[in-house]
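Listed below, chain by chain, are the residues.
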Amino acid sequence: MKKLAWAARGMSVVSGAVLLGALMVPSAVADDGPGSAPNSSSSMASGKKCGARDVSSAAPDYVNFPGPVIFRVASDAQGNAFLNDSRNTGVWINLDALDNAPTCVIGTATSVTEANPGLLYITLLTHNGAQYQAVCTTDNTAFDPSNIVAACGSGFSLLPNTPVVK
């Protein structure tokens, strides 16, 4: 009977450790999210860690939208950046889908104009201090993987004369 009690305790310790590990894994590491597939040139594909996670958000006060709208941009420890539109709950779009998306992102900034349609500005800071910006058109349609490229036109552009470049 002692052996059975010891085995049961051992199983509960193992189960607890597995559950704790599952809860502690950041969602950006656990899964890139629906509709996001890292491209082969991303830093995640090479396993490189950039060492920073960041998040920013912008909330326009659109008159025509029912309820609040929040645009969020986040980066993970591998330097990938993702966009979430609160109207599309749980969907994080890998910004590698856009042309000229930078790798090894360590910082994010987001702003949006107060018009409908409006403009969403996504600025990403890379590990070497370069800043890239994409300008996306916003309207009554939530961003998702199928419309992000069209909404953001030419993708990311390097902002000239960034003062923090090494």
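What counts and how
- Residues numbered from 1 in each chain as written.
- Predicted model: local features only at pLDDT ≥ 70, side-chain atom pairs only at ≥ 80, totals over all residues.
- Heavy atoms only, no water.
- pLDDT = per-residue confidence, 0-100.
- Contact = heavy atoms within 4.5 Å.
- Pairing = 2+ DSSP bridges.
- Helix = DSSP H or I, 4+ residues; strand = E, 2+ residues; numbered from the N terminus.
- Axes fitted to C-alpha atoms, helices over the stretch in contact; angles between N-to-C directions.
- 1 Å grid on protein atoms, 1.4 Å probe; cavity = no way out; pocket = protein on both sides within 12 Å on 5 of 7 lines; lining within 4 Å.
- Points joined across faces, edges and corners; volume = space filled by probe spheres on them.
- Nonpolar A, V, L, I, M, F, W, Y, C, P; charged D, E, K, R; others polar.
- Salt bridge = Lys/Arg side-chain N within 4 Å of Asp/Glu carboxyl O.
- Buried < 20%, exposed > 50% of the residue type's maximum accessible area, 1.4 Å probe, protein only.
- Polar contact = N/O pair within 3.5 Å; in protein donor to acceptor, adjacent residues only side chain to side chain.
- Disulfide = S-S within 2.5 Å.
- Core = buried A, V, L, I, M, F, W, Y, C linked by side-chain atoms within 4.5 Å.

**Section: the confidence of the model for the protein**
Detailed reading of the predicted coordinates is not advisable wherever pLDDT falls low. Chain-level pLDDT for the protein is 75 on average; 65% of the residues reach the 70-or-more range. Contacts for the low-pLDDT stretch residues 4-45, under 50 throughout, to residues beyond four places or in other chains number 40 contacts.

**Thoughts on the sheet that holds strand S1 (residues 54-58)**
Strands belonging to one sheet form pairs held by backbone hydrogen bonds; the direction of such a pair is parallel or antiparallel. Strand order in this open sheet of 4 strands is S1-S2-S3-S4, and the pairing throughout is antiparallel. Two strands in the sheet have a free side with no partner beyond their single neighbour: S1 and strand S4 (92-94). When strand polarity is set aside, the average angle formed by the axes of neighbouring strands in this sheet is 20°. In the sheet, strand S3 (residues 81-85) pairs with S4 via 3 bridges, with the strands oriented antiparallel. Bridge pairing in S4 links Asn 84 to Trp 92.

**Digging into empty space enclosed by the protein**
By the definition in use, this model includes 1 cavity of 30 Å³ or more. In terms of lining residues, the largest cavity is bounded by Gly 79, Asn 80, Ala 81, Leu 95, Asp 96, Ala 101, Pro 102, Thr 103, Val 105 and Leu 124. When the residues that make up the lining of the largest cavity are grouped by side-chain class, the tally is 6 nonpolar, 3 polar and 1 charged.

**A short note on the sheet that holds strand S5 (residues 105-112)**
Reading across the sheet, the 4 strands line up as S5-S6-S7-S8 and stay open at both edges, with antiparallel pairing between neighbours. Whereas interior strands pair on both sides, the edge strands pair on one side only; in this sheet they are S5 and strand S8 (157-158). Bridge count for S5 against strand S6 (residues 118-126) is 7 bridges, and the pairing is antiparallel. If you follow Ala 109 over to S6, its bridge partner there is Thr 123.

**Looking at the pattern of salt bridges**
The tally for this structure, following the rule as stated, stands at 1 salt bridge. Across the salt bridge formed by Asp 85 and Arg 87, the nearest N and O atoms sit 2.7 Å from each other.

**Some points on the side chain of Thr 126**
Locating Thr 126 in the fold gives a position in strand S6. The buried category is assigned to Thr 126, whose relative accessible area is 4%. In this structure the side chain of Thr 126 is engaged in a polar contact, spanning 2.5 Å, whose partner is the side chain of Asn 128. With near-sequence residues (within four places) excluded, Thr 126 lies in contact with Pro 102, Thr 103, Cys 104, Val 105, Ile 106 and Tyr 132.

**Some remarks on the state of the cysteines**
Per the counting criterion, the structure on display carries 1 disulfide. Covalent S-S linkage joins Cys 136 and Cys 152, the inter-sulfur distance amounting to 1.9 Å. Handedness of the Cys 136-Cys 152 disulfide follows from its S-S torsion of about 100°: it is right-handed. Taken together, the positions of Cys 136 in strand S7 (residues 131-138) and Cys 152 in the loop between helix H3 (148-151) and S8 put the pair 16 residues apart, joining distant regions of the chain.

**Side note on the nonpolar core**
Ranked by size, the top nonpolar core spans 22 residues in total, and within it Leu 83, Leu 95, Leu 120, Ile 122 and Phe 143 carry the most contacts. Put simply, the parts of the chain that give this core at least two residues each are strand S2 (71-75), S3, S5, S6, S7 and H3. If you tally residues by element for this core, the top one is S6, at 3 residues.

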